[in-house]
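Here are the chains, one letter per residue:
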Amino acid sequence: MSGTEATRSFDTSSSGLVSGSPEKGSSDSTPIYSPKPKIAGNGYHFSGSNSSIDQSMNSITPPAHASPTLLALNPMPRSDLTMLLGAEGQVPPSILTPAFTPPTTPSTPLIGPVASKIPPKLMQELPKVNCVVRARIPTTTGTEIFLHLYQNNIDNKEHLAIVFGNKIRSKSLDAPREGETELDRMIRGAYTGRLFPGRTSSRVDDSPMPSRVPSRAASSTALPKMASTAKLATLESSTRTVPLVRIHSECYTGEIAWSARCDCGEQLDEAARLMSLDPAGGVVVYLRQEGRGIGLGEKLKAYNLQDLGNDTVQANLMLRHPADARSYGLATAILMDLESVNVRLLTNNPDKIAAVEGPGKEVKVVERVPMIPLAWQNLKGGVTGKEVGDYLRTKVCVSSLRWGKRRETDGWEQVTQMGHLLDLPTDGN
Ligand SMILES: Nc1nc2c(ncn2[C@@H]2O[C@H](COP(=O)(O)OP(=O)(O)OP(=O)(O)O)[C@@H](O)[C@H]2O)c(=O)[nH]1
């Protein structure tokens, strides 16, 4: 489409019709075209009732995602370092020349030669978020989802909420915006029910078709094989109204490049599957904090260090990054915007539970639903192989070093180096 044509679609014409569209204009007095589409600096529309957000959004500061400023303030005690880094208490020798030393974790100050696993610092104040657009995505499994794209006032990344079911709505998306038309609202996804050719009102869904969002919950034939505990969780929850929530940090390698170094892709798929089966619906908050917040480039260096014999935590430390540079304030703010303040959180990571609840317990995790690797449950479809085994084992087993104790009964210490709440399978899978 040429620039002229694109402009014409939104042109103000006396006919009240959208040029090139066969549909008649709305019978409402409000025209369905936008007289003057507003484009904010980064291409998003920020106008209307969220004016305080507008202002802060338009003066975006560099990313302030990560929380490791606290690392500088809270140097790790030597005893902890000894436990974390090895029996000899040796800091892993840096194999990087000074010239190769990476600058720093994105948006964080230089933190010295090593960093520790310290629970994430809660932000004093939650970030402001604004859902700028939402769209229906029919998926390959038959489930329909609504993808919500968020902007915020602390970084310029596009964080997402993948919403299952039609009960969960975004306050900021639904809020009216100054000067917008019904067509504007529908284009940015602020409509109820379903869109269909010729629809003129964002608020009244006068579709001849039922507007229910298809989900697999209704069809027992669509129920695939599932983990026993997950099945239990899903069935138990079927009477509840609290949505299932997964806070998922971006993992390009695990989700796009078919990596079997981690179980991120499997976890995302499993979360989606459970949510599609759950009558209460669900939300995957997809945060753009790749590689536990250090970014893809640094994660790839960490992979090379892993191939040189280090585990995932050691590799981060050798690159002078914290073991985990993520934060979850954006997730809290997004859940609040989606009016999902009571959640059932799919995670093994207790740091996430505390962090997602927010500084003032704005969100309440009423239940933790564990994510057990499929392979550990002898189920097909999970990520298998030596690398993912090492990755999961690091999360689980190295706890004995970090916490200085190992459970003497069957299995391993419950809390792991990465703080995870997983039990290693006793058959050594
Ligand atoms: N630095 C680093 N990051 C990794 C490595 N492997 C995976 N990751 C990242 O780890 C993150 C995994 O995050 P989540 O899926 O939220 O999982 P989690 O924090 O382990 O906790 P759960 O909720 O229990 O799954 C993703 O951002 C991955 O890119 C690695 O070897 N090094």
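On a predicted model such as this, the values are computed, not experimentally measured, just so you know.

A. Here's a closer look at the pattern of salt bridges. Taken as a whole and assessed by the stated rule, the structure comprises 14 salt bridges. Two residues, Glu-144 and Arg-136, come together in a salt bridge whose shortest N-O distance is 3.0 Å. Owing to a relative accessible area of 7%, Glu-144 belongs among the buried residues under this scheme. The class of Arg-136 is partly exposed, set by a relative accessible area of 34%.

B. Local environment of the site of the ligand. In the region of the ligand, 27 residues are neighbours, and Arg-246, Gln-306, Arg-326, Thr-347 and Lys-352 sit closest. Interatomic distance of 3.5 Å between a side-chain N/O atom of Glu-290 and an oxygen atom of the ligand. Looking at the shell around the ligand element by element, the count peaks at four residues for strand 4 (residues 244-249). Of the residues contributing to the shell around the ligand, the split by class is seven nonpolar, twelve polar and eight charged.

C. How the structure looks around helix 9 (residues 264-277). Along its 14 residues, helix 9 runs 20 Å from first to last C-alpha, staying within 8% of the 20 Å computed at 1.5 Å per residue. Most of helix 9 sits inside the fold, with twelve of its 14 residues counted as buried.

D. Broad picture of the sheet that holds strand 3 (residues 159-164). Taken in spatial order, the seven strands line up as 1-2-3-5-4-6-7 in an open sheet, and their pairing is mixed. In this open sheet, the two edge strands, each paired with only one partner strand, are strand 1 (129-138) and strand 7 (364-369). For this sheet the average axis-to-axis angle between neighbouring strands, irrespective of direction, equals 25°. One ladder, built from five bridges, connects strand 6 (residues 342-346) with strand 7; its direction is parallel. Bridge assignment links Arg-344 to a residue of strand 7, and that residue is Glu-367. Each of strand 3, strand 4, strand 5 (282-287) and strand 6 touches helix 9; the most contacted strand, strand 4, lies at about 160° to it. The strands that helix 13 (residues 350-357) touches are strand 4, strand 6 and strand 7; relative to strand 7, the one it contacts most, it runs at about 160°.

E. Quick peek at unusual backbone geometry. Phi is positive for Glu-339, which is not a glycine, with a value near 55°. Within the secondary structure, Glu-339 sits in the loop between helix 12 (329-337) and strand 6. One non-glycine residue, Lys-361, adopts positive backbone phi at about 55°. Along the chain, the position of Lys-361 falls in the loop between helix 13 and strand 7. On the accessibility criterion, Lys-361 (55% relative accessible area) is exposed.

F. How the structure looks around the environment of Tyr-328. Counting through the fold element by element, Tyr-328 comes out in the loop between helix 11 (312-318) and helix 12. Judged by relative accessible area, Tyr-328 falls into the buried class, the value being 4%. Expressed as a C-alpha distance, the spacing of Tyr-328 and Asp-351, which sit 23 residues apart in the sequence, is 9.4 Å. Contact partners of Tyr-328, with chain neighbours within four places excluded, come to Ile-247, Ser-249, Leu-287, Gln-289, Asn-349, Lys-352, Ala-355 and Val-356. At a separation of 3.4 Å, a polar atom in the side chain of Tyr-328 contacts the side chain of Arg-326.

G. How the structure looks around the nonpolar core. Ranked by size, the top nonpolar core spans 31 residues in total, and within it Ile-247, Val-283, Val-285, Leu-335 and Leu-338 carry the most contacts. Looking at this core, the elements that each hand over two or more residues are strand 1, strand 2 (144-152), strand 3, strand 4, strand 5, helix 12, strand 6 and helix 13. Top element by residues in this core is helix 12. It accounts for five residues. Apart from residues no more than four positions distant in its own chain, Val-283 is found in contact with Ala-161, Ile-162, Val-163, Ile-168, Leu-244, Val-245, Arg-246, Met-275, Leu-338 and Ser-340. With 16 residues, the next largest nonpolar core counts Ile-145, Leu-149, Leu-274 and Leu-346 among its residues.

H. Structural detail: the environment of Met-371. With respect to the helices and strands, Met-371 occurs in the loop between strand 7 and helix 14 (386-396). Residue classification places Met-371 among the buried residues on the basis of a relative accessible area of 6%. Considering only alpha carbons, one finds Met-371 and Ala-271, 100 residues apart in sequence, at a separation of 8.4 Å.

I. Layout of the packing of aromatic side chains. Inspection of every chain in the model, using the stated rule, returns zero aromatic pairs. Above the face of the Phe-146 ring, Arg-134 is positioned so that its terminal group lies 4.1 Å from the ring centre.

Conventions we followed
- In this convention, every chain numbers its residues from 1, walking through the sequence in written order.
- pLDDT decides what is reported in this predicted model: residues at 70 or higher carry local features, side-chain atom pairs at 80 or more are listed and counted, and totals for whole chains, interfaces and linings draw on all residues regardless.
- Excluded from the side-chain calculation are hydrogens and water; included are all heavy atoms of the structure.
- Here a salt bridge means any side-chain nitrogen of Lys or Arg lying within 4 Å of a carboxyl oxygen belonging to Asp or Glu.
- Type-normalised accessible area, obtained with a 1.4 Å probe on protein chains alone, sets the label of each residue: buried when under 20%, exposed when over 50%, and partly exposed for intermediate values.
- Any residue with at least one heavy atom within 4 Å of a molecule or strand is counted as near it.
- Two N or O atoms form a polar contact when they lie within 3.5 Å of each other; inside protein one atom must be a possible hydrogen donor and the other a possible acceptor, and for residues adjacent in sequence the pair counts only when both atoms belong to side chains.
- Note on conventions: DSSP H or I runs of at least 4 residues are helices, E runs of at least 2 residues are strands, and numbering of each starts at the N terminus.
- Three residue categories are used. Nonpolar comprises Ala, Val, Leu, Ile, Met, Phe, Trp, Tyr, Cys and Pro, charged comprises Asp, Glu, Lys and Arg, and polar comprises the others, including Gly.
- Here a helix's expected span is defined as the number of its residues, less one, multiplied by 1.5 Å.
- At least two bridges found by DSSP between two strands is the condition for calling them paired.
- Each axis is a line fitted through C-alpha atoms, and for a helix only the stretch in contact is used; angles between axes span 0 to 180 degrees, taken between their N-to-C directions.
- Working rule for contacts: check all heavy atoms of both residues, and any pair within 4.5 Å makes them a contact.
- Take the buried Ala, Val, Leu, Ile, Met, Phe, Trp, Tyr and Cys residues and link them wherever side-chain atoms come within 4.5 Å; each set so joined is a nonpolar core.
- Pairs were defined over the aromatic rings of Phe, Tyr and Trp, the Trp ring being its six-membered one, requiring ring centres within 6.5 Å. Orientation was assigned from the angle between planes: stacked under 30 degrees, edge-to-face over 60, tilted for the rest.
- In our convention, an over-ring charge means Lys NZ or Arg CZ found within 6 Å of a ring centre and within 35 degrees of that ring's normal.

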